[in-house]
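# What the coordinates show
Read off the chains here:
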Amino acid sequence: MTQVVLPAEVKSIASGAFWNSHIESLVLNEGLESIELQAFSGSQKLASVAFPASLKEIGGHAFEDCVALTEVDLSKTALQEISSDAFRETGLKKVAFPASLKKIGSQAFLGTHLEEVVFSAELQEIDDEAFTGVAELTSVTLSNNIQRIGYRAFNKCIYNHRTTKTNQKYPSVNL
């Protein structure tokens, strides 16, 4: 099974439903509201996911270790929170956040390859270690509504251009 297209009747994807699968492409149906714990975790060939506007919840570890997943567009979803470890250790280089997003859970994007993050005006909280180890991160744009940035939220986000001790660049933060 390399492609999954869910029928309109599906409202939730259960914990571990596609854990360690060989899915490469995923089209989530309009009407889907939640993706539970580890639903697609370890699906190392998963490279494409279409998220519906109806999506309200992405559970912990939902896409962890999906190393082929390099881009996600959550901008049209109804997400208010991205749970802990949701996209941990994925191949993500680009993510579009929804305007409704209020919280990013701990280690949600740990070890990804994001280069730039622009948060919506509604974002209030970035939990502990949410972006730890994102070595390629060069730019972060925060809104004036941010209330909490957790412990080591951006730890080890050092962009090394041709890795030399005298030529290190650090990510810029725009408020």
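Please refer to the structure higher up on the page.
Here's a quick rundown of the structure. Bear in mind that the values here come from a model prediction, so they are computed numbers and not experimental data.

Where charged atoms from two side chains of opposite charge approach closely, those side chains can pair. Evaluation of the coordinates by the stated rule reveals six salt bridges. Residue R88 is joined to E64 by a salt bridge in which the shortest nitrogen-to-oxygen separation is 3.7 Å. Here E64 lies in the loop between β6 (57-58) and β7 (71-73) and R88 lies in the loop between β8 (81-82) and β9 (94-96), a separation of 24 residues in the sequence. On the accessibility criterion, R88 (22% relative accessible area) is partly exposed.

Attention now moves to the sheet that holds strand β1 (residues 3-5). Read from one edge to the other, the open sheet built from three strands follows the order β1-β3-β5, with strand pairing classed as parallel. The open sheet has two edge strands, β1 and β5 (48-50), and neither has a second partner. Averaged over all adjacent pairs, the angle separating strand axes in this sheet is 0°, with direction ignored. Both strand β3 (residues 25-27) and β5 contribute to a ladder of three bridges, which runs parallel. The residue of β5 that forms the bridge with V27 is A50.

Our focus in this paragraph is the environment of A130. Among the secondary structure elements, A130 is positioned in the loop between β12 (125-126) and β13 (139-141). In this structure A130 comes out as buried when scored by relative accessible area, which is 0%. Distance from A130 to F87, taken between C-alpha atoms, is 9.9 Å for residues 43 residues apart in sequence. Filtering out sequence-adjacent residues up to four positions away, A130 remains in contact with I104, G105, S106, Q107, A108, F109, L110 and A153.

Moving on, we come to unusual backbone geometry. At H61, a residue that is not glycine, the phi angle is positive and equals roughly 60°. Turning to its location among the elements, H61 is positioned in the loop between β6 and β7. Unusually for a residue other than glycine, Q107 sits at a positive phi of about 55°. Counting through the fold element by element, Q107 comes out in the loop between β10 (103-104) and β11 (116-118).

Calculation rules
Residues numbered from 1 in each chain as written. Predicted model: local features only at pLDDT ≥ 70, side-chain atom pairs only at ≥ 80, totals over all residues. Heavy atoms only, no water. Salt bridge = Lys/Arg side-chain N within 4 Å of Asp/Glu carboxyl O. Helix = DSSP H or I, 4+ residues; strand = E, 2+ residues; numbered from the N terminus. Buried < 20%, exposed > 50% of the residue type's maximum accessible area, 1.4 Å probe, protein only. Pairing = 2+ DSSP bridges. Axes fitted to C-alpha atoms, helices over the stretch in contact; angles between N-to-C directions. Contact = heavy atoms within 4.5 Å.

Keep in mind that these numbers describe shape and distance, not what the molecule does.
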